[in-house]
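Descriptive analysis of the structure
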Amino acid sequence: QVQLVESGGGLVQAGGSLRLSCAASGLTFSNYGMGWFRQAPGKEREFVAGINWSGGITYYADSVKGRFTISRDNAKNTVYLQMNSLKPEDTAVYYCAVAYTEWTSARRADFGSWGQGTQVTVSS
């Protein structure tokens with residue numbers, strides 16, 4: 001059974017930084033692409049960043065490009081999201097997810113397992 005546990009969320013002022021972590025178990029982690037999504041109140045869950053099995057290919061939503069960095073440590077079965085220059089509009093629950101293949105995607109339908117989410121709140 002795949003389990004994903006996110007951590008690192010919290011309250012931060014605009015311009016600040018946070019680093020999210022997602023620890024995975026129940027799968028051969030290095031075989032799968034990973035992604036981060038977020039959902040703000042009253043909005044659809046949206047893609048934030050994705051990374052392929054090796055970490056050599058990454059994708060970002062335009063809204064976070066240049067501010068967020070996704071990375072992974074296959075030895076630790078963990079994917080990270082470094083968030084810098086945070087803005088109030090980044091406030092959301094952040095979810096990590098496992099892709100069905102070794103690649104990654106911006107489409108929710110390409111991800112099969114999801115974590116429980118971690119709250120990120122950016123104050124102005």
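Summarised in this report is the structure supplied together with it. (Residues numbered from 1 in each chain as written. Predicted model: local features only at pLDDT ≥ 70, side-chain atom pairs only at ≥ 80, totals over all residues. Heavy atoms only, no water.)

Between side chains of opposite charge, pairing is possible as soon as their charged atoms come close. Scanning the entire structure with this criterion turns up six salt bridges. Note that Asp90 is salt-bridged to Arg67, the shortest N-O span being 2.7 Å. You can see Asp90 sitting in the loop between β8 (78-83) and β9 (92-99) and its partner Arg67 sitting in the loop between β6 (58-60) and β7 (68-73), a full 23 residues away along the chain. This pair shows no difference in class: Asp90 is buried, exactly as Arg67 is. Taken together, the salt bridges that share partners define one network made up of Arg38, Glu46, Arg67 and Asp90. (Salt bridge = Lys/Arg side-chain N within 4 Å of Asp/Glu carboxyl O. Helix = DSSP H or I, 4+ residues; strand = E, 2+ residues; numbered from the N terminus. Buried < 20%, exposed > 50% of the residue type's maximum accessible area, 1.4 Å probe, protein only.)

For the rest of this paragraph, the subject is the environment of Tyr59. Position of Tyr59 relative to the elements: it lies in strand β6. Distance in space between the C-alpha atoms of Tyr59 and Ile70 is 8.5 Å, their sequence separation being eleven residues. The residues touching Tyr59, leaving out its near neighbours within four places in the chain, are Phe47, Val48, Ala49, Gly50 and Thr104. (Contact = heavy atoms within 4.5 Å.)

A word on unusual backbone geometry. Residue Asn77 is not a glycine yet carries a positive backbone phi of 55°. Note on placement: Asn77 falls in the loop between β7 and β8. Note on Asn77: relative accessible area 25%, which makes it partly exposed. Notably, Ser85 is not glycine yet its phi reads approximately 50°, a positive angle. Among the secondary structure elements, Ser85 is positioned in the loop between β8 and β9.

In this structure the tally under the stated criterion is four aromatic pairs. Ring geometry for Phe37 and Phe111: centres 5.1 Å apart, planes at 80°, overall edge-to-face. Taken as a pair, Phe37 in strand β4 (residues 34-39) and Phe111 in strand β10 (residues 111-114) lie far apart in primary sequence, 74 residues in all. Both residues of the pair, Phe37 and Phe111, belong to the buried class. An aromatic cluster of three or more residues is present, and its members are Phe37, Phe47, Phe111 and Trp114. The residue whose ring lies beneath Arg19 is Tyr80, and the NZ or CZ to ring-centre distance is 4.0 Å. Seen from the ring of Tyr95, Arg45 lies directly overhead, with NZ or CZ sitting 3.7 Å from the centre. (Phe/Tyr/Trp six-rings, centres within 6.5 Å; stacked < 30°, edge-to-face > 60°. Lys NZ or Arg CZ within 6 Å of the ring centre and 35° of its normal.)

To continue, consider the side chain of Thr104. By the element assignment, Thr104 lies in the loop between β9 and β10. Within the local environment of Thr104, its side chain forms a polar contact with the backbone oxygen of Met34, the two atoms lying 3.1 Å apart. A polar atom in the side chain of Thr104 sits 3.5 Å from the backbone nitrogen of Ile51. Not counting chain neighbours up to four residues away, the residues in contact with Thr104 comprise Met34, Gly50, Ile51, Asn52, Tyr59 and Phe111. (Polar contact = N/O pair within 3.5 Å; in protein donor to acceptor, adjacent residues only side chain to side chain.)

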